[in-house]
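Fold and geometry: a report
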Amino acid sequence: MGFPLQRPRRLRRTESLRRLTRETRLTVDQLIYPLFVAAGADGRQEIASMPGVHRWSVRSVVDAAGQAADLGIPAVLLFGLPEWKDAAGSGAFALDGIVQQATQAIKGSFPDLLVIADTCVCEYTSHGHCGVLSGASDPDVRNDATLEVLAGTALSQARAGIDVVAPSDMMDGRVGAIRRALDEHGFEHVPILSYAAKYASAFYGPFRDAADSAPQFGDRRTYQMDPPNLREALREIALDLEEGADAVMVKPALAYLDVIRAARERFDAPLAAYNVSGEYAMVKAAAARGWLDERRVTLELLTGIVRAGADMVITYHALEVARWLRQ
Ligand code: PBG
């Protein structure tokens, strides 16, 4: 008779069986919560394309970070919106820069919460590119001149008490340059989480509204990666690890789960995935229309990112997820 001997359904019969046989666990320990801090801001201002995400003043960002800490989230990731911008992006490495101020304020109130800084200049440059340009309207970013700016930015963040620096610019050699600068100045204990495989993605749209960092001309395709490429991502990750990256990142996450999986199989280093602004906005928009169950969809997506091989996930949903996981 044709009755099946193997019945996988036996282990799915009850919630207790499903819990015991679950292969992937999403936990609060894996979450990193991004925060936007704006100079001269008062209180908080919601970002239109990212419901539930705000630009915070230095004072109020401490409360936002405190919420994350209270929920057991181990880390926040800071982005700064400066009062002024210039061609060199010098607000990124100003001693009293916005991220530097926010770092001091947060660490002063929540010393155990890990504060990670996005190390890039696109929020600070008048042209919106992630480095120093060859000419006033030439979108070609000068690689080696930018390395000095990035190293100076990482150093000023370390001086402000940052726990981890996360370079997101995609210049060649930035991890090595940052590592050398940190080591030369006594910050050999500060780890580098590098945005190693960062693609030139349309999913960053809402972020650029939030951080006011859209390029004023041209695009980022000469420095961020071409979306069709996987082997190149592995090469980028290998280079960053050789240069001294302590942990690496794939970004965005959802259209790049194969990259996360391949990176996990090839490298031993801790691996982060960035569930970016556009991925968040899609879920929020559909949920607002009642088209998707936000909680179930979000947990399913984040579990998928972890199942693909990510050890940690940067997500704007972090507070909500931490609450859902408690229930
Ligand atoms: C800065 C930076 C960006 C993001 C993180 N760091 C924007 C960009 O490269 O254009 C995107 C994050 C997101 O979309 O959530 N270079």
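How each quantity is defined
Residues numbered from 1 in each chain as written. Predicted model: local features only at pLDDT ≥ 70, side-chain atom pairs only at ≥ 80, totals over all residues. Heavy atoms only, no water. Near = heavy atom within 4 Å. Polar contact = N/O pair within 3.5 Å; in protein donor to acceptor, adjacent residues only side chain to side chain. Areas by Shrake-Rupley, 256 points an atom, 1.4 Å probe, with all protein chains shown as cover. 1 Å grid on protein atoms, 1.4 Å probe; cavity = no way out; pocket = protein on both sides within 12 Å on 5 of 7 lines; lining within 4 Å. Sits in = over half its atoms within 2 Å of the grid points. Nonpolar A, V, L, I, M, F, W, Y, C, P; charged D, E, K, R; others polar. Salt bridge = Lys/Arg side-chain N within 4 Å of Asp/Glu carboxyl O. Helix = DSSP H or I, 4+ residues; strand = E, 2+ residues; numbered from the N terminus. pLDDT = per-residue confidence, 0-100.

As a further point, take the site of the ligand. The immediate surroundings of the ligand are formed by 19 residues, with Lys198, Arg208, Lys251, Ser277 and Tyr316 found nearest. One of the side-chain nitrogen or oxygen atoms of Lys198 is found 2.7 Å away from an oxygen atom of the ligand. Considered on its own, the ligand offers 400 Å² of accessible surface; in the complex 100% of this is hidden by protein. The site holding the ligand turns out to be the largest cavity. Class assignment for the residues of the shell around the ligand results in 10 nonpolar, three polar and six charged.

Under the counting rule described, the total for this entry stands at 13 salt bridges. Across the salt bridge formed by Glu15 and Arg18, the nearest N and O atoms sit 3.2 Å from each other. Of the two residues, Glu15 and Arg18 are both situated in helix 1 (residues 15–20); the distance of three residues between them amounts to about one turn of the helix. A salt bridge links Arg179 to Asp246; its shortest N-O distance comes to 3.7 Å. In this pair, Arg179 is assigned in helix 5 (residues 174–184) and Asp246 in the loop between helix 7 (231–242) and strand 10 (247–251), connecting sequence segments 67 residues apart.

Now for the confidence of the model for the protein. Residues at a pLDDT of 70 or more form 100% of the protein, whose mean pLDDT is 97. Model confidence for the protein, summarised as mean pLDDT per element, is weakest for strand 7 (residues 138–142) at 88 and strongest for strand 11 (residues 271–275) at 99.

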